[in-house]
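Topology and contacts: notes
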Amino acid sequence: MRSVFVHIALCLLFHRLALGKDSKGEEEEEDEAPTGIRDPSPCEVCKYLAVELEGRLEETGKIGGYIETGHGLDIKQKKRKEYKKSELRLIEALNEPHVCDKILEYNVHAERKKSLRYAKGQSETMKTLHGLVNKGVNVELGIPYELWDQPSAEITNMQRSCFTLVEEREENIEEWYWGDQQQSLLDYLCRDRVLKGKDSSCLYEQSDSDKDNKSKGGPEDRKKGDTAPTPTPTDNEVPPLASPPTVDDVKDEL
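All of these numbers come straight from a predicted model, not from anything done at the bench. Along each chain, residues carry numbers from 1 onward, in the same order as the chain's sequence is written. For this predicted model, a pLDDT threshold of at least 70 governs which residues receive local features, and a threshold of 80 or more governs which side-chain atom pairs are given and counted, while totals over whole chains, interfaces and linings are taken from all residues. Here the side-chain values reflect all heavy atoms present in the structure, with hydrogen atoms and water set aside.

1. Quick look at the state of the cysteines
For clarity, the cut-off: Disulfides are defined as pairs of cysteine sulfur atoms found within 2.5 Å of each other. Runs of H or I in DSSP of at least four residues are treated as helices and runs of E of at least two as strands, each being numbered from the N terminus. Think of it in three bands: with a 1.4 Å probe and only protein chains considered, a residue is buried below 20% of the maximum accessible area for its type, exposed above 50%, and partly exposed in between.
Tallied over the full model, the rule gives three disulfides. Put simply, Cys46 and Cys190 are joined by a disulfide, and their sulfur atoms are 2.1 Å apart. One quick way to see it: the torsion about the S-S bond of Cys46 and Cys190 is about -95 degrees, and its sign makes the bridge left-handed. Remark: Cys190 occurs in helix α7 (residues 185-194) and Cys46 occurs in helix α2 (residues 42-60); sequence separation between them is 144 residues. Considered together, Cys46 and Cys190 belong to a single accessibility category, that of buried residues. Paired through a disulfide, Cys100 and Cys162 show a sulfur-sulfur distance of 2.0 Å. Given an S-S torsion of about -75 degrees, the disulfide between Cys100 and Cys162 has left-handed geometry. Taken together, the residues Cys100 in the loop between α3 (87-95) and β3 (106-108) and Cys162 in helix α5 (residues 153-168) connect sequence positions 62 residues apart. Each member of the pair, Cys100 together with Cys162, is buried. Cysteines bonded in the protein are numbered consecutively along the chain; their disulfide partners then correspond to 1-6, 2-5, 3-4.

Everything listed here is a matter of coordinates, which is why it stays silent on function.
Written out as structure tokens, the structure reads:
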């Protein structure tokens, strides 16, 4: 009986998500990416690497103080350098812990389109399934409950690709760091180097809430640091969908 209830509940959930289209009635562009598990694209890997690294550097850029370099007791042999302009700051941002480990904080949000399917926090589908379990419903997804929130295959693949990208492009990252940083890392590293001559459209994909926040913030021109991980929808907020998710979508997120 409970399995029937779960089936009905999932159907209602998917129907609710399907109704979460833009209330303005505008037809959204059809997502050409096939549904199901897929490998993150080079564009998506570079996008979220840039987002995470710039985020770390923005945090450490608020730290004041100086560091001393050199050896020995002779003060004249030592040099003081501002921390936010130091090599130490970049090393820590990249490796302590490794910036690509931040990718494991992301989840697959199968109800979202293109690169926006990768975001931190639980998807609307998983939130609802956890809610059913908390109410005593026996939900069977084919894997143990304790593994529901573990990084999926897509996320671990993205992390591995991120490690490779950092290794291959470390010199470019250092060039950007020591430069004037007038360009965002997203543009400097991803658009102009890693993806030069390739599809870079994912770099500028934004959720509706991102666009609303940007329009309220002032100029339309995108500035350094504007691109960020898609915020997790609130409990009362449902992201727009190209089509209702299926049971396979649930498994894609695991």
